[in-house]
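Below, each chain spelled out in residue letters.
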Amino acid sequence: MAAGHRIRWATEADFDQLGEVMYAAVRTGPSRYSERQRAAWVPAPRSGPAWNDRLRVQEIALAEGDGSIHGFMSLADGGYIDFAFIRPAAQGSGLFRALFDQIADRARGRGETRLWVHASLMAEPAFGALGFTVVRREQVTIGSEVFDRCEMEKSISAAGVETAPAGLTEPDSLG
């Protein structure tokens, strides 16, 4: 676990703060995207019924310290990592790896054999450091802005040993 942080599973009471973490990570941290792209991706902290509905069906590991949430990662059906965001002040502290370890353990417990993600340009190096490989590069459009991202995957087994990559399908988030 990253020093000074506690990792736990999110509840619905955390969802608004998770939207704030995502906003901070996208809008105030270092980025390879333009300000216009970042504003199109996350114009405001996410909250409300649609946000809650999307999160409610996922398992979400979060890291908290000093009374606030500093990062989170979510696991959707099929081993898909839908969200992975760390507040800028906590980046580089080991939270990403600590959250991933929780998600990977949960995925193994569900019988998943691989994890996959649509990684933004900012998340790609972090996922790469965890052993994910790029399956393909792609562009997506949000509003009038075009974003580069990539599909990445990591095969896992019950013992946590990597296995051969499998094919991917495509949900709609930027990652």
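Computed from a predicted model, the values in this text were never measured in an experiment.

## Topic: the nonpolar core
(1) Moving on: Among the nonpolar cores identified, the biggest contains 27 residues, and Met-73, Ile-81, Phe-100, Leu-115, Phe-127 and Phe-132 are the most heavily contacted of them.
(2) Moving on: The element best represented in this core is helix 4 (residues 95–109), accounting for 8 residues.
(3) Moving on: Those residues in contact with Phe-127 that sit more than four places away from it in its chain are Ile-81, Ala-84, Phe-96, Val-117, Ala-119, Phe-132 and Met-152.

## Side note on the environment of Phe-83
(1) Moving on: Mapped onto the elements, Phe-83 comes out in strand 4 (residues 80–86).
(2) Moving on: Taking the C-alpha atoms as reference points, Phe-83 and Met-73, 10 residues apart in sequence, are found 5.2 Å from one another.
(3) Moving on: Ignoring anything within four residues of it in the chain, the contact list for Phe-83 reads Met-22, Arg-46, Trp-51, Arg-54, Leu-55, Gln-58, Phe-72, Met-73 and Ser-74.

## Topic: the side chain of Arg-27
(1) Moving on: One can find Arg-27 in helix 1 (residues 15–27).
(2) Moving on: The exposure class of Arg-27 is buried, given its relative accessible area of 17%.
(3) Moving on: At 2.8 Å, the side chain of Arg-27 and the backbone oxygen of Val-42 are in polar contact.
(4) Moving on: If sequence neighbours within four positions are ignored, Arg-27 has contacts with Glu-35, Arg-38, Ala-39, Val-42 and Pro-43.

Analysis parameters
- Residues numbered from 1 in each chain as written.
- Predicted model: local features only at pLDDT ≥ 70, side-chain atom pairs only at ≥ 80, totals over all residues.
- Heavy atoms only, no water.
- Core = buried A, V, L, I, M, F, W, Y, C linked by side-chain atoms within 4.5 Å.
- Buried < 20%, exposed > 50% of the residue type's maximum accessible area, 1.4 Å probe, protein only.
- Helix = DSSP H or I, 4+ residues; strand = E, 2+ residues; numbered from the N terminus.
- Contact = heavy atoms within 4.5 Å.
- Polar contact = N/O pair within 3.5 Å; in protein donor to acceptor, adjacent residues only side chain to side chain.

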